[in-house]
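This is what each chain is made of:
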Amino acid sequence: MKFTYYGHSCFLIETNGKKILFDPFISPNELAKDKVDISHIECDYIAISHGHFDHIADAESIAKRTNATIICAYELYEYFSKKGLTNFRPMNVGGKWTADFGTVKCVSAVHSSNLPDGNYGASPMGFVFNTNEGDFYYSGDTALTMDMQLIPRWSKLKFAILPIGDNFTMDVDDAIAAADFVQCNKIIGVHYDTFGFIKIDHDVAKEKVSKAGKDLILVDIGATIEV
Ligand code: NI
Ligand code: MN
């Protein structure tokens, strides 16, 4: 499996020959806009965790160019449909879907969600993916929550993609506890540094995770790693 980081909570996972883009937010991101050429991003699917601007900003343009299938909450499907998009898998928390990449299950996230036009953005979600190349979890924006303890019932995670920026989501300490809950020792950190509120000290974060017997991977924007 390959993981490419596009900054904030935007990344691309390549598995079973399929490309899944998550929470596209690149052109408004000062840290990413000069490092990532959006017009070159290819994807088969776009998974969106919730309606906040910092998770959907580039979804419409990328979906229109690539004709990727958007995996999102039903209410987000209604929002993007009005913008002329036609290729969706509308879902909701608790549901799962088996497609050519494997199976995706929508899981709960403790956060908020509205859309840029003021419409209700549905319950925020995380995703558990089961694939031939391994299982992974992207929590979306969330607080640490007891519900995460359910995730090992459905998966044996290779890695977990967790927010670590604090203020709007978990900080690194809560992400360590989350990794315990989901029984995973490999954390890829997201949702940090993008804005003043969520700037973190990378060395301190890595040391805390390492002391907990786990790995924190902070991928350079634009870089691809094997996971
Ligand atoms: Ni959010
Ligand atoms: Mn966010």
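Nothing here was measured: the structure is a model prediction, and the numbers come from that model.

Peer 1: Even after reading the chapter, I still don't get the coordination of the manganese ion (ligand 2), so can you show me in this structure?
Peer 2: The textbook angles at a metal center are 109.5 degrees for a tetrahedron of four donors and 90 or 180 degrees for an octahedron of six. Protein-derived coordination of the manganese ion (ligand 2) comes from Asp 54 (OD), His 55 (NE2), Asp 141 (OD) and His 191 (NE2), at a distance range of 2.1 to 2.2 Å. The nickel ion (ligand 1) is placed at 3.1 Å from the manganese ion (ligand 2), the two being bridged by Asp 141. One end of the pair, Asp 54, is in helix α1 (residues 53-56); the other, His 191, is in the loop between β12 (186-190) and α5 (202-211), with 137 residues separating them in the sequence. For His 191, a relative accessible area of 0% gives the class buried.

Peer 1: Can you help me understand the sheet that holds strand β4 (residues 45-47) in this one?
Peer 2: Strand pairs in the sheet, formed through backbone hydrogen bonds, run parallel or antiparallel to each other. Read across the sheet, 7 strands follow the order β6-β5-β4-β3-β2-β1-β14 without closing on themselves; strand pairing throughout is mixed. Where the open sheet ends on each side, the last strands, each with one partner, are β6 (88-91) and β14 (224-226). Pairwise comparison of adjacent strand axes, ignoring direction, gives a mean angle of 20° for this sheet. The strands touched by helix α3 (residues 74-81) are β5 (69-73) and β6; relative to β5, the strand with the most contacts, the crossing angle is about 130°.

Peer 1: Just to check I follow, could you spell out helix α2 (residues 59-66) for this structure?
Peer 2: Side chains three or four residues apart in an α-helix point the same way, a direct result of the helix having 3.6 residues per turn. Ala 59, Ile 62, Ala 63 and Thr 66 are the residues of α2 that are buried. For α2, the angular spread of the buried residues around the axis is 100°, confining them to a single face. Buried residues along α2 sit against β3 (18-22), β4, α1, β5 and α3.

Peer 1: Explain the pairing of β12 here, please?
Peer 2: Residues in a regular strand point their side chains to alternate faces of the sheet. The buried count for β12 comes to 4 of 5 residues, which makes it a mostly enclosed element. Relative to β12, strand β11 (residues 157-163) is paired through 4 bridges, and the arrangement is parallel. Bridge pairing in β12 places Pro 163 opposite Val 190. Since β11 and β12 lie parallel, the crossover through helix α4 (residues 172-181) that links them has a hand, and here it is right-handed. When β12 meets strand β13 (residues 215-217), the two strands line up parallel, connected through 3 bridges. If you follow Ile 188 over to β13, its bridge partner there is Ile 217. In this region the chain leaves β12, passes through α5 and returns to the parallel neighbour β13; the handedness of that crossover is right-handed.

Peer 1: Mind showing me how you'd approach unusual backbone geometry here?
Peer 2: Generally, phi is negative for residues other than glycine and the peptide bonds are trans, each holding for most cases. Of note, the phi angle at Ala 122 is positive, near 70°, even though the residue is not glycine. Its relative accessible area of 5% is what places Ala 122 among the buried residues. Of note in the backbone geometry, Asp 193 takes a positive phi value of approximately 75° without being a glycine. Positionally, Asp 193 belongs in the loop between β12 and α5. Judged by its relative accessible area of 16%, Asp 193 is buried.

Peer 1: Help me understand the coordination of the nickel ion (ligand 1) in this model?
Peer 2: The nickel ion (ligand 1) binds to the protein through His 50 (NE2), His 52 (ND1), His 111 (NE2) and Asp 141 (OD); the donor distances cover 2.2 to 2.4 Å. Taken together, the 4 donor atoms surrounding the nickel ion (ligand 1) define angles of 86 to 177° at the centre, an arrangement classified as irregular. Read in sequence order, the donor residues for the nickel ion (ligand 1) give the motif H-x1-H-x58-H-x29-D.

Rules and cut-offs
Residues numbered from 1 in each chain as written. Chains lettered and ligands numbered in written order. Predicted model: local features only at pLDDT ≥ 70, side-chain atom pairs only at ≥ 80, totals over all residues. Heavy atoms only, no water. Donors = N, O, S within 2.8 Å, 3.2 Å for Na, K, Ca; no water. Helix = DSSP H or I, 4+ residues; strand = E, 2+ residues; numbered from the N terminus. Buried < 20%, exposed > 50% of the residue type's maximum accessible area, 1.4 Å probe, protein only. Pairing = 2+ DSSP bridges. Axes fitted to C-alpha atoms, helices over the stretch in contact; angles between N-to-C directions. Contact = heavy atoms within 4.5 Å. Arc of directions from axis to C-beta. Right-handed = clockwise from strand over helix to strand, strands pointing away. Tetrahedral: all angles 85-135°; square planar, octahedral: opposite > 155°, others 65-115°.

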